[in-house]
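# Per-entry structural report
What follows is each chain in one-letter form.
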Amino acid sequence: MKATSNPTGLSDRQLYEAVHGRMRALAGPAANDLDELIQMAAMQTFSSIHRYDASSCSLTTWIYAVCYRVLLSQRRWYRRWRVRFSYWDGEDPPNDQPTPTELLEARDRSRALHRALARLSDKYRAVIVLHDLEERSVAEIAQIVGAGELTVRSRVRDARTQLATLLREGA
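Predicted model, so just to flag it, every value in this text is computed and none were measured.

### Quick notes on a positive patch on the surface
Taken together, the side chains of Arg 76, Arg 79, Arg 80 and Lys 123 make up a positively charged region of the molecular surface. Mapped onto the fold, Arg 79 is located in helix α3 (residues 59-84). By relative accessible area, Arg 79 is classed as partly exposed at 42%.

So this is what it looks like as structure tokens:
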């Protein structure tokens, strides 16, 4: 990896690990294309790190914003690709992770939550993960996703409603 001007003071490895954690949080640990998304976000981060300005936002917020844009871009590309090719039959592939009966109840709830989060749209999943799981402020989320604070608040509210419905239905 070619060395670039890095105003953060982090090593390349630390920067990559930060991207990895943020993308995993946004896309979900069970995302089929997680490795590809992390790689794309890392490339974008390393190529544009010289433009990072610490006075405008925190490094974490900046990395979340990069990951969010990469995630949405990749998802849009994939939707267009599926429409173009007829191999896709319109159904999502089944979840290949069976739940063993030996798992504790907490693990079952965790899996149910992940399944429900996976069924949310990318925009709703991103705000609910950032707000409720990563405990980011509405202002910071607005900066990450490029939307107004009122929009973020309504997405959080709508995402919680959809998530509650999915969990009641057994997602």
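### Some points on helix α5 (residues 122-133)
Each turn of an α-helix holds 3.6 residues, which means side chains three or four residues apart point in the same direction. Taking 1.5 Å per residue, 12 residues should reach 16 Å; α5 reaches 15 Å between its end C-alpha atoms and fits that length. Within α5, burial applies to Asp 122, Arg 125, Ala 126, Val 127, Ile 128, Val 129 and Leu 130. Looking one or two residues beyond α5, the residue adopting positive phi is Glu 135, at roughly 55°.

### Re the environment of Ser 48
Looking at the element boundaries, Ser 48 is found in helix α2 (residues 34-48). Among the residues examined, Ser 48 registers a relative accessible area of 5% and is labelled buried. Here the alpha-carbon distance between Ser 48 and Asn 6, two residues 42 residues apart in the chain, equals 9.3 Å. Here Gln 44 takes part through its backbone oxygen, which lies 2.7 Å from a polar atom of the side chain of Ser 48.

### A few points about the pattern of salt bridges
Scanning the entire structure with this criterion turns up seven salt bridges. One salt bridge in this structure joins Asp 122 and Arg 125, with 2.4 Å as the shortest N-O distance. Remark: Arg 125 and Asp 122 occur in helix α5; sequence separation between them is three residues, near one turn of the helix. Of the two residues, Asp 122 and Arg 125, both sit in the buried class. Here Asp 158 and Arg 157 are joined by a salt bridge, their closest N and O atoms 3.2 Å apart. Overall, the relative accessible area of 25% leaves Asp 158 in the partly exposed class. By sharing partners, the salt bridges in this structure join Asp 33, Arg 75, Asp 122 and Arg 125 into a single network.

### Focus: helix α7 (residues 149-169)
With 21 residues, α7 should cover 30 Å at 1.5 Å per step; its first-to-last C-alpha distance of 30 Å lies within 8% of that length. The positive-phi residue at the C-terminal boundary of α7 is Gly 170, with phi of around 90°.

### Looking at the packing of helix α6 (residues 138-145) against α7
Remark: α6 packs on α7, axes separated minimally by 9 Å, with the N-to-C direction vectors making an angle of 100°. Looking at the two axes, α6 sits roughly perpendicular to α7. Touching Val 138, Ala 139, Ile 141, Ala 142 and Val 145 of α6 are Glu 149, Val 152, Arg 153 and Arg 155, all from α7. Of the residues in the contact of α6 with α7, the class split is six nonpolar, no polar and three charged.

### Topic: the packing of α5 against α6
Relative to each other, α5 and α6 sit at 150°, their axes nearing to 10 Å. Between α5 and α6, the crossing angle belongs to the class labelled roughly antiparallel. You can see that α5 and α6 cross each other, and the crossing is right-handed. The segment α5 lies against α6, with Val 127, Leu 130 and His 131 engaging Val 138, Ile 141 and Ile 144. Residue composition of the contact of α5 with α6, by class: five nonpolar, one polar and no charged.

### What about the nonpolar core?
One finds Met 23, Leu 26, Trp 62 and Ile 63 to be the most contacted residues of the largest nonpolar core, which totals 46 residues. Of all the secondary structure elements, the ones that give two or more residues to this core are α1 (12-27), α2, α3, α4 (105-119), α5, α6 and α7. Beyond its immediate chain neighbours, meaning those up to four positions away, Met 23 contacts Gly 28, Leu 34, Leu 37, Ile 38, Ala 41, Cys 67, Val 70 and Leu 71.

Rules used in this analysis
- Residues numbered from 1 in each chain as written.
- Predicted model: local features only at pLDDT ≥ 70, side-chain atom pairs only at ≥ 80, totals over all residues.
- Heavy atoms only, no water.
- Patch = residues over 30% accessible without salt bridge, like charges linked within 9 Å, V, L, I, M, F, W, Y side chains within 5 Å.
- Areas by Shrake-Rupley, 256 points an atom, 1.4 Å probe, with all protein chains shown as cover.
- Salt bridge = Lys/Arg side-chain N within 4 Å of Asp/Glu carboxyl O.
- Lys, Arg positive; Asp, Glu negative; His and termini not counted.
- Charge placed at Lys NZ, Arg CZ, Asp CG, Glu CD.
- Helix = DSSP H or I, 4+ residues; strand = E, 2+ residues; numbered from the N terminus.
- Buried < 20%, exposed > 50% of the residue type's maximum accessible area, 1.4 Å probe, protein only.
- Expected span 1.5 Å × (residues − 1).
- Polar contact = N/O pair within 3.5 Å; in protein donor to acceptor, adjacent residues only side chain to side chain.
- Axes fitted to C-alpha atoms, helices over the stretch in contact; angles between N-to-C directions.
- Parallel < 35°, antiparallel > 145°, perpendicular 65-115°, else oblique.
- Contact = heavy atoms within 4.5 Å.
- Nonpolar A, V, L, I, M, F, W, Y, C, P; charged D, E, K, R; others polar.
- Left-handed = near helix turned anticlockwise from the far one by under 90°.
- Core = buried A, V, L, I, M, F, W, Y, C linked by side-chain atoms within 4.5 Å.

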